[in-house]
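One letter stands for each residue in the lines below.
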Amino acid sequence: MTSKTNRRRFIGQSAALTAGVGYFAGTSVAQDESSSALNSLSAACIGVGGKGGSDTSHIANQGVKIAALCDVDRDTLAKKGREFQDAEQFDDFREMLDKMGDKVDIVTCSTPDHTHAAACVKAMNMGKHIYCQKPMTWSIREARLMRETAEKTGVITQMGNQGTSEDGLREAVEVIQSGAIGDVSEIHIFSNRPVWPQGGGRPAGEDPVPDSLNWDAWIGPAPMRPFVKGAYHSFNWRGWVDFGTGALGDMACHTTNMPVKALQLWDPIAVTAVKNPGIVEGEQYPGSSSLMFEFPEREGADGKTLPPCKFYWYDGGNLPPESIISQLPESFQKRVQAQRDGGRKQSGAVIVGSKGLVFSPDDYGAKYYLLPEDKYVDFKKPEPWLPRIPFKASGDERHKWEFVSTIKGEYEPGTMSNFGYAGRLTETILVGNLAMRAGEGQRIEWNAKDLTSPNVEAVNQFVQREYRDGWNLG
């Protein structure tokens with residue numbers, strides 16, 4: 001395949017995925033504002049502690065004025081406010097968007113999973129460009145709506161799986177798509193998550209809500225529950241089914257990103273929880289799980305048919321079978337053995353082809369090995385056809401550069417993890433959490449078009465949920 005053919009393939013693939021989301025697609029600023037206005041962008045940032053704190057700073061590092069800060073924890077808000085003293089402060093994003101909507105171009109969202117869609121759909125409908133942390137949404141239906149809203153409004157979007165902006169991930173995608181490891185029949189992804197409490201029931205009692213915390217806004221669209229100190233806010237929410245998406249939702253948007261992009265792994269036809277202790281008391285995801293997704297024949301990026309593929313997910317210390325581990329570099333096998341002896345849990349991705357393997361020991365897919373190594377000693381990498389980001393910095397900063405530079409019209413290829421792509425990735429991953437709702441070994445068939453399971457109807461109620469009064473999508 002020639003470089004020109006590869007370039008045409010990328011352009012066509014990008015156009016199909018962005019579907020109006022990318023470069024200059026009818027945004028609120030791109031078509032009608034002057035070049036100087038495009039280079040004087042302002043942002044409102046929702047969730048400014050932890051990861052949200054760095055997201056806010058990284059956006060500012062790209063020359064964007066931080067006009068408003070929002071956090072339900074007013075202590076966190078005050079701390080970030082010392083960095084951005086001219087920014088107005090809010091503890092409810094609804095109030096912030098209503099007041100600041102005509103004063104900002106960009107909205108960042110770095111809240112717990114369950115409030116992503118409520119904030120971002122409202123902001124997109126106001127014509128704001130969106131940077132949203134992974135996973136894009138709490139529910140499958142929300143991911144579909146976010147993708148559709150981005151397409152309808154034409155704003156620039158980016159999900160926070162920063163590995164997408166790394167040269168190494170893009171190169172690995174090209175290597176796999178070039179046929180270097182042959183036809184891929186199975187993928188094994190294992191994660192060191194969870195690193196938070198998971199596998200228990202709701203704590204008894206309640207504690208006084210701190211004066212600094214807007215508990216109603218923290219609960220957002222989820223059902224109200226009592227505040228318990230340390231149980232939910234500020235980090236342990238990930239393991240609770242009402243607020244987070246567990247180990248799978250937390251890390252799969254990173255760890256599966258490279259093989260999903262390379263192999264067009266959208267719309268599984270079935271998922272099975274191979275090891276499934278189940279949702280505990282309807283409250284928390286299990287402490288560990290193993291899942292199997294099934295994908296049918298599908299069209300590859302070059303238009304050729306890809307064979308059926310199975311994707312295996314392991315978390316909580318579970319690992320692929322020894323037949324897979326034994327093919328990995330000896331140094332990594334030693335790390336796996338250390339885990340078995342009670343040491344640190346490992347993460348990685350193994351893509352199994354008919355000619356060889358691609359192994360990434362990096363959560364972001366930015367580092368990879370072709371195995372067996374002796375077979376690929378003289379391997380010549382394909383000529384690049386995916387764009388490379390010229391901004392040299394950390395993955396997080398590169399990801400923000402790609403986003404802001406696309407808004408300004410300075411980076412023509414556009415954001416790669418736009419909601420056209422990230423929405424499909426998130427949908428695919430969150431189907432796995434439906435399997436947590438079913439019994440161990442229960443094969444859940446999946447109709448991606450209608451977002452329903454035709455054979456296990458009991459899980460369909462978890463594809464979306466009714467929002468609490470006062471909260472909506474729009």
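Each residue is numbered by its place in its chain's sequence as written, counting from 1. The predicted nature of this model means local features are confined to residues of pLDDT at least 70 and side-chain atom pairs, given and counted, to a pLDDT of 80 or more, with totals for whole chains, interfaces and linings taken over all residues. Just so you know, side-chain values use all the structure's heavy atoms and leave hydrogens and water out.

Description of the side chain of lysine 80
Keep this limit in mind: Secondary structure elements follow DSSP: runs of H or I no shorter than four residues count as helices, runs of E no shorter than two count as strands, and numbering proceeds from the N terminus. Between buried and exposed lies partly exposed: a residue is buried under 20% and exposed over 50% of the maximum accessible area for its type, with that area taken using a 1.4 Å probe on protein chains only. Polar contact is defined as a pair of N or O atoms within 3.5 Å, subject to the rule that within protein one atom must be able to donate a hydrogen and the other to accept it, and that residues adjacent in sequence are counted only when both atoms are side-chain atoms. Contacts are residue-level and defined by heavy atoms, with any inter-residue pair within 4.5 Å sufficient.
Within the secondary structure, lysine 80 sits in helix H4 (residues 74-81). Using a relative accessible area of 10% as the deciding quantity, one classes lysine 80 as buried. A polar contact is formed between the side chain of lysine 80 and the side chain of glutamate 83, at a distance of 2.7 Å. Those residues within four positions of lysine 80 in sequence are excluded, and the remaining contacts are Val48, Gly53, Thr56, Ser57 and Leu69.

Some points on the pairing of strand E1 (residues 42-46)
Note the threshold: Here, a strand pair is defined by DSSP locating no fewer than two bridges between the strands. Look down the strands so they point away from you; if going from the first strand over the helix to the second traces a clockwise path, that crossover is right-handed.
Most of E1 sits inside the fold, with five of its five residues counted as buried. Across the two faces of E1 the burial is the same, with Ser42, Ala44 and Ile46 and Ala43 and Cys45 all buried. In this structure, E1 lies alongside strand E2 (residues 65-70), joined through five bridges in parallel fashion. Looking at the pairing, cysteine 45 lines up with leucine 69 of E2. Once you follow E1 into helix H3 (residues 51-61) and on to E2, the crossover reads as right-handed. In this sheet, strand E4 (residues 106-109) lies alongside E1 in parallel orientation, the contact comprising four bridges. Residue pairing for E4: isoleucine 46 is matched across the bridge by cysteine 109.

Comments concerning the UniProt feature "domain: Gfo/Idh/MocA-like oxidoreductase N-terminal" (unreviewed entry) in the chain
Applicable threshold: UniProt positions are given in the numbering used here, feature names are shortened, and annotations may be inferred rather than shown by experiment.
The sites that carry the UniProt feature "domain: Gfo/Idh/MocA-like oxidoreductase N-terminal" (unreviewed entry) are, in the present numbering, residues 44-160. For residues 44-160, helix accounts for 44% and strand for 20%, while the C-alpha atoms at its two ends are 16 Å apart.

Some points on the pairing of strand E8 (residues 270-275)
By the bridge criterion, five bridges tie E8 to strand E9 (residues 289-295) in an arrangement that is antiparallel. When the sheet's bridge partners are listed, alanine 270 is paired in E9 with glutamate 294.

Examining the nonpolar core
Where we set the bar: Here, nonpolar core refers to any group of buried Ala, Val, Leu, Ile, Met, Phe, Trp, Tyr and Cys residues whose side-chain atoms link them within 4.5 Å. Where each domain starts and ends comes from a domain assignment, either automatic or drawn from a database.
Core analysis: the largest hydrophobic core is formed by 88 residues, its most contacted members being Met96, Met146, Ile187, Trp313 and Ile351. Top element by residues in this core is helix H15 (residues 419-437). It accounts for ten residues. In this structure, this core is formed jointly by two domains, domain 1 (39-162) and domain 2 (166-204 + 214-220 + 239-388 + 417-462), each of which donates at least three residues. The next biggest cluster of nonpolar side chains, apart from the first, holds 18 residues, and it includes Cys45, Leu69, Phe84 and Ile407.

What about helix H5 (residues 93-100)?
Quick note on the threshold: As used here, the arc is the angular range of directions from the helix axis to the C-beta atoms.
Every buried residue of H5 is listed here: Phe93, Met96, Leu97 and Met100. All buried residues of H5 lie within an arc of 95° about the axis, which places them on one face of the element. Against the buried residues of H5 lie E1, E2, strand E3 (88-90), E4 and helix H6 (116-125).

Topic: the domain arrangement of the chain
Counted only if it meets this: As used here, buried area is the combined drop in accessible area, with a 1.4 Å probe, of two parts when they are placed together. Throughout this description, the term salt bridge denotes a Lys or Arg side-chain nitrogen within 4 Å of a carboxyl oxygen of Asp or Glu.
As far as domains go, the chain holds domain 1 (39-162) and domain 2 (166-204 + 214-220 + 239-388 + 417-462). Contacts between the two partners involve 31 residues from domain 1 and, on the opposite side, 36 residues from domain 2. Summed over both partners, the interface of domain 1 with domain 2 buries about 2800 Å², with 58% contributed by carbon and sulfur atoms. Between domain 1 and domain 2 we count three salt bridges in total. For arginine 144, the salt bridge identified is with glutamate 427, shortest N-O distance 2.7 Å. Linking domain 1 with domain 2 are 18 residue pairs in polar contact (both at pLDDT 80 or more), by the criterion used here. For the side of domain 1 that touches domain 2, the secondary-structure elements that each account for two or more residues are strand E5 (129-132), helix H7 (140-153) and strand E6 (157-159). Ranked by residue count, the leading element in the side of domain 1 that touches domain 2 is H7, at seven residues.

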